[in-house]
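One-letter residues, chain by chain:
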Amino acid sequence: LIQRSVKVFNKEPQAAIDALDSQILEKINEAIRINKYNRHAYSTRASYYTAVKKHANALIEYTKAIAIDPSPAPTYVSRGELYAEMKNYQFAIADFSKAIESDHNAGAFNSTYYTARADAYEKAGQKEKALQDLNYIIEVRPKEAFGYGVRASFYLRQKDNAKALADLNKAI
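Okay, so let's go over this structure. (Residues numbered from 1 in each chain as written. Predicted model: local features only at pLDDT ≥ 70, side-chain atom pairs only at ≥ 80, totals over all residues. Heavy atoms only, no water.)

### A closer look at the packing of aromatic side chains
Link 1 in the chain: By the definition in use, this model includes six aromatic pairs.
Link 2 in the chain: Measuring from centroid to centroid gives 6.0 Å for Phe-109 and Tyr-136, while their planes differ by 65°, and the two rings are edge-to-face. One end of the pair, Phe-109, is in the loop between α6 (89-105) and α7 (111-123); the other, Tyr-136, is in helix α8 (residues 127-140), with 27 residues separating them in the sequence.
Link 3 in the chain: Grouping aromatic residues by their ring pairs yields a cluster made of Phe-109, Tyr-114 and Tyr-136. (Phe/Tyr/Trp six-rings, centres within 6.5 Å; stacked < 30°, edge-to-face > 60°. Helix = DSSP H or I, 4+ residues; strand = E, 2+ residues; numbered from the N terminus.)

### Quick notes on the side chain of Arg-117
Link 1 in the chain: One can find Arg-117 in helix α7.
Link 2 in the chain: A distance of 2.6 Å separates the side chain of Arg-117 from the side chain of Asp-133, its partner in a polar contact.
Link 3 in the chain: Setting aside residues no more than four positions away along its own chain, Arg-117 makes contact with Ile-93, Phe-96, Ser-97, Ile-100 and Asp-133. (Polar contact = N/O pair within 3.5 Å; in protein donor to acceptor, adjacent residues only side chain to side chain. Contact = heavy atoms within 4.5 Å.)

### Remarks on the environment of Glu-122
Link 1 in the chain: Among the secondary structure elements, Glu-122 is positioned in helix α7.
Link 2 in the chain: Here Glu-122 falls in the buried class, since its relative accessible area comes to 12%.
Link 3 in the chain: Spatially, the C-alpha atom of Glu-122 lies 9.2 Å from that of Tyr-89, the residues being 33 residues apart in sequence.
Link 4 in the chain: Apart from residues no more than four positions distant in its own chain, Glu-122 is found in contact with Lys-127, Ala-130, Phe-154, Arg-157 and Gln-158. (Buried < 20%, exposed > 50% of the residue type's maximum accessible area, 1.4 Å probe, protein only.)

### A few points about the packing of helix α5 (residues 73-85) against α6
Link 1 in the chain: Direction vectors running N to C along α5 and α6 enclose 165°, while the axes themselves pass 8 Å from each other. Taken together, the axis directions place α5 and α6 in an arrangement best described as roughly antiparallel. Judged by the sense of rotation from one axis to the other, the crossing of α5 with α6 is left-handed. Contact residues: Ala-73, Tyr-76, Val-77, Arg-79, Gly-80, Glu-81, Tyr-83 and Ala-84 in α5; Tyr-89, Phe-91, Ala-92, Asp-95, Phe-96, Lys-98, Ala-99, Ser-102 and Asp-103 in α6. (Axes fitted to C-alpha atoms, helices over the stretch in contact; angles between N-to-C directions. Parallel < 35°, antiparallel > 145°, perpendicular 65-115°, else oblique. Left-handed = near helix turned anticlockwise from the far one by under 90°.)

Spelled out as structure tokens, the structure:
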């Protein structure tokens, strides 16, 4: 998939990209033929379909990967990002919430999952819930600049420059 991205970025001829696409899909399908319970292969195929803008196919593949093993948070995040790209924010929020729950159950904390959910909340018009997630990041990791920077961006979008500036000063 990285080679494909490089070819697209370099604006190589479509025939070269199509040939590589065919090889990529062939290898992924072979991995699934060898082991139909290979969640990584389904996730990879979903990533491929996302790259070529076949969102419905990507959703099916992410869902298959989750059905095989519902515990890995990154698969929920990837599917949630796809839902968000499709402007289906409620499904995105649900997937980001599952990722957060999965991480919590494993004793982990990933602030990017909270920022992804906060972004989906904000785009869905649920600004208070978005702010709750951003506040929680700061509550858990008060000495890290990341949380303050993300919350400052939120405040700027809400036209609350005073709070944005206060957070940016804390981030420095």
